[in-house]
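Here is how the chains run, residue by residue.
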Amino acid sequence: MKIWTEADHHNNALAETTIAVIGYGSQGRAHANNLAESGFKVIIGARRDGVSWKRAGDDGFEVAEPAEAAARAGLIAMLAPDMAQPEIYQQVQARIRPGSALLFAHGFNIHFGCIRPRADIDVIMVAPKGPGDLVRRQYQEGRGVPCLRAVEQDASGQAHARALSYAHGIGGTRGGVIDTSFQEETETDLFGEQVVLCGGTAELVIQGFETLVEAGYQPEVAYFECLHELKLIVDLLHEGGMAKMYEFVSDTAAFGDLTRGPRIIDESTRERMREVLGEIRTGEFARDWILENQAGLPRHRALIKARTGHEIEQVGKALRARMSWLQAGADKSREQAA
């Protein structure tokens, strides 16, 4: 497997190219600022008089309506939320010049056919493997978040080089760039979110908390054991994989992990993982999510309300208020974002 680094970026395929960043949220703001500091000419596409319009202007960027920004650019980075992108593309597609590049940070709308770009433009992806705040902070510290690169359509013959130059501009070549496809990035990203990173982890935490409370243990103690200490384990895994975790947890914890863990996450769990992956690959999840948005997000809002109203959230809120170091970290994050 080839990992592209700074040493592989010999020529800037986006030299003299204006980049229009459409959307100025978490990823958009990070990409725009990193690109600008890397010497690229950047213009922001946002809704006039909206929050993003003002924020981008305050950050020193020229801001225009999305269609106008697209007309003035040789690369259009579509970094608005997934469900907003199809409508935005309808607004800007006629203004995109032939031979330009349309870039995404996630393949959802291309892979599932929500956006069908014209044949005379490049369609590329640079997907940082981290949230926008991390992309920005790592760049400012002289490092970079690893990225995935994909080319769906190469109308110019320069699509791969353009994507690598864009990744270089946001700091991705510092962390390493790996080639993938829109299909692979989309399906693995959705699977990771649903089965492990968000869905699986959150449900495991809640089920563990409820099991302890149901057995008569104090909710505060259950919170510490099932949620609070999770960060310690994730940090070890992130820094050095399973080997580092086993090096730093107790032998008791490691033995319990190795002998009891497979009883919790077993073959029946794997079978349900396969079912979820099947729903992703067939487009069932995408259709469900698109219809939910079209209906105004009633189920989404109800589920979020139920989850954030859970006892573990109330207990955690009270306990975290006493953890001054967490507040200090939150204050630092807000300062960095500002």
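Scroll up a little and you will see the structure.
Reference entry: report on the structure contained in this document. Since we're looking at a predicted model, the values are computed, not measured.

Comments concerning the overall build of the protein
When its secondary structure is counted, the protein shows 18 helices and nine strands. For 338 residues, the compact-globule formula gives about 20 Å, and the C-alpha radius of gyration of the protein, at 22 Å, lands near that figure. Oriented by its inertia axes, the alpha-carbon framework of the protein measures out at about 65 × 45 × 40 Å. Across the 338 residues of the protein, 38% fall into the buried class. The contacts of the protein with a sequence gap of at least 6 include a subset with a gap of at least 24, amounting to 65%. Approximately 18,700 Å² of the protein is accessible, and the part contributed by carbon and sulfur atoms is 54%. A gap of 4 Å separates the mean positions of the 37 positive and 47 negative side-chain charges of the protein.

A look at a negative patch on the surface
A contiguous patch of negative charge on the surface is contributed by Glu210, Glu214, Glu220 and Glu311. Tracing the sequence through the fold places Glu220 in helix 11 (residues 219-228).

Some remarks on the packing of helix 9 (residues 182-197) against helix 10 (residues 199-214)
It is the contact of helix 9 with helix 10, at a shortest axis distance of 3 Å, that shows an interaxial angle of 10 degrees. The angle between the axes of helix 9 and helix 10 places the two elements in the roughly parallel class. In contact with Glu193, Gln194, Val195, Val196 and Leu197 of helix 9, helix 10 contributes Gly199, Gly200 and Thr201.

Section: the packing of helix 14 (residues 267-282) against helix 15 (residues 284-294)
For any two helices packed against each other, the geometry is given by the interaxial angle and the distance between the axes. Contact pair helix 14 / helix 15: the axes reach a minimum separation of 4 Å and the direction vectors enclose 70 degrees. On the basis of their axis angle, the class for helix 14 and helix 15 is roughly perpendicular. The segment helix 14 lies against helix 15, with Glu279, Ile280 and Thr282 engaging Glu284, Phe285 and Arg287. A class-by-class count of the residues in the contact of helix 14 with helix 15 yields two nonpolar, one polar and three charged.

As for the nonpolar core
Val21, Ile44, Leu75 and Tyr166 are the most contacted members of the largest nonpolar core, which totals 30 residues. Only strand 2 (18-22), helix 1 (26-37), strand 3 (41-45), helix 2 (51-58), strand 5 (75-78), strand 6 (101-104), strand 7 (122-128) and helix 7 (159-169) provide two or more residues apiece to this core. By residue number, the principal contributor to this core is helix 7, which donates five residues. Core analysis: the next-biggest nonpolar cluster, separate from the first, contains 26 residues, Ala69, Ala70, Tyr89 and Phe182 among them.

As for the side chain of Gln138
The residue Gln138 is located in helix 6 (residues 132-140) in this model. For Gln138, a relative accessible area of 16% puts it in the buried group. Those residues in contact with Gln138 that lie beyond four places of it in its chain are Arg143, Gly144, Val145 and Arg174.

Some points on the environment of Ser100
Structurally, Ser100 can be placed in the loop between helix 4 (85-92) and strand 6. C-alpha separation for the pair Ser100 and Gly132, spaced 32 residues apart in sequence, amounts to 25 Å. For Ser100, the contacting residues outside a window of four places in its chain are Ala73, Gly74, Ile76, Ile121, Asp122 and Arg162. Here Arg97 takes part through its backbone oxygen, which lies 2.9 Å from a polar atom of the side chain of Ser100.

Concerning helix 4
If you check which residues of helix 4 are buried, you get Gln85, Ile88, Tyr89 and Val92. For helix 4, the angular spread of the buried residues around the axis is 100 degrees, confining them to a single face. Exposed side chains of helix 4 directed beyond 90 degrees from the buried face belong to Glu87 and Gln90. The secondary structure elements touched by the buried residues of helix 4 are strand 2, helix 3 (66-71), strand 5, strand 6 and helix 5 (108-111).

Re the sheet that holds strand 1 (residues 3-4)
Read across the sheet, nine strands follow the order 1-9-8-7-6-5-2-3-4 without closing on themselves; strand pairing throughout is mixed. In the strand order of this sheet, the two ends are held by strand 1 and strand 4 (62-64), each with one partner. In this sheet, strand 9 (residues 177-179) lies alongside strand 1 in antiparallel orientation, the contact comprising two bridges. Among the inter-strand pairings, Trp4 is bridged to a residue of strand 9, identified as Val177. Helix 4 rests against strand 2, strand 5 and strand 6 of the sheet, and its axis sits at about 155 degrees to strand 5.

The rules behind each value
- Residues numbered from 1 in each chain as written.
- Predicted model: local features only at pLDDT ≥ 70, side-chain atom pairs only at ≥ 80, totals over all residues.
- Heavy atoms only, no water.
- Helix = DSSP H or I, 4+ residues; strand = E, 2+ residues; numbered from the N terminus.
- Rg over C-alpha atoms; globule rule 2.2 N^0.38 Å.
- Buried < 20%, exposed > 50% of the residue type's maximum accessible area, 1.4 Å probe, protein only.
- Contact = heavy atoms within 4.5 Å.
- Areas by Shrake-Rupley, 256 points an atom, 1.4 Å probe, with all protein chains shown as cover.
- Lys, Arg positive; Asp, Glu negative; His and termini not counted.
- Charge placed at Lys NZ, Arg CZ, Asp CG, Glu CD.
- Patch = residues over 30% accessible without salt bridge, like charges linked within 9 Å, V, L, I, M, F, W, Y side chains within 5 Å.
- Salt bridge = Lys/Arg side-chain N within 4 Å of Asp/Glu carboxyl O.
- Axes fitted to C-alpha atoms, helices over the stretch in contact; angles between N-to-C directions.
- Parallel < 35°, antiparallel > 145°, perpendicular 65-115°, else oblique.
- Nonpolar A, V, L, I, M, F, W, Y, C, P; charged D, E, K, R; others polar.
- Core = buried A, V, L, I, M, F, W, Y, C linked by side-chain atoms within 4.5 Å.
- Polar contact = N/O pair within 3.5 Å; in protein donor to acceptor, adjacent residues only side chain to side chain.
- Arc of directions from axis to C-beta.
- Pairing = 2+ DSSP bridges.

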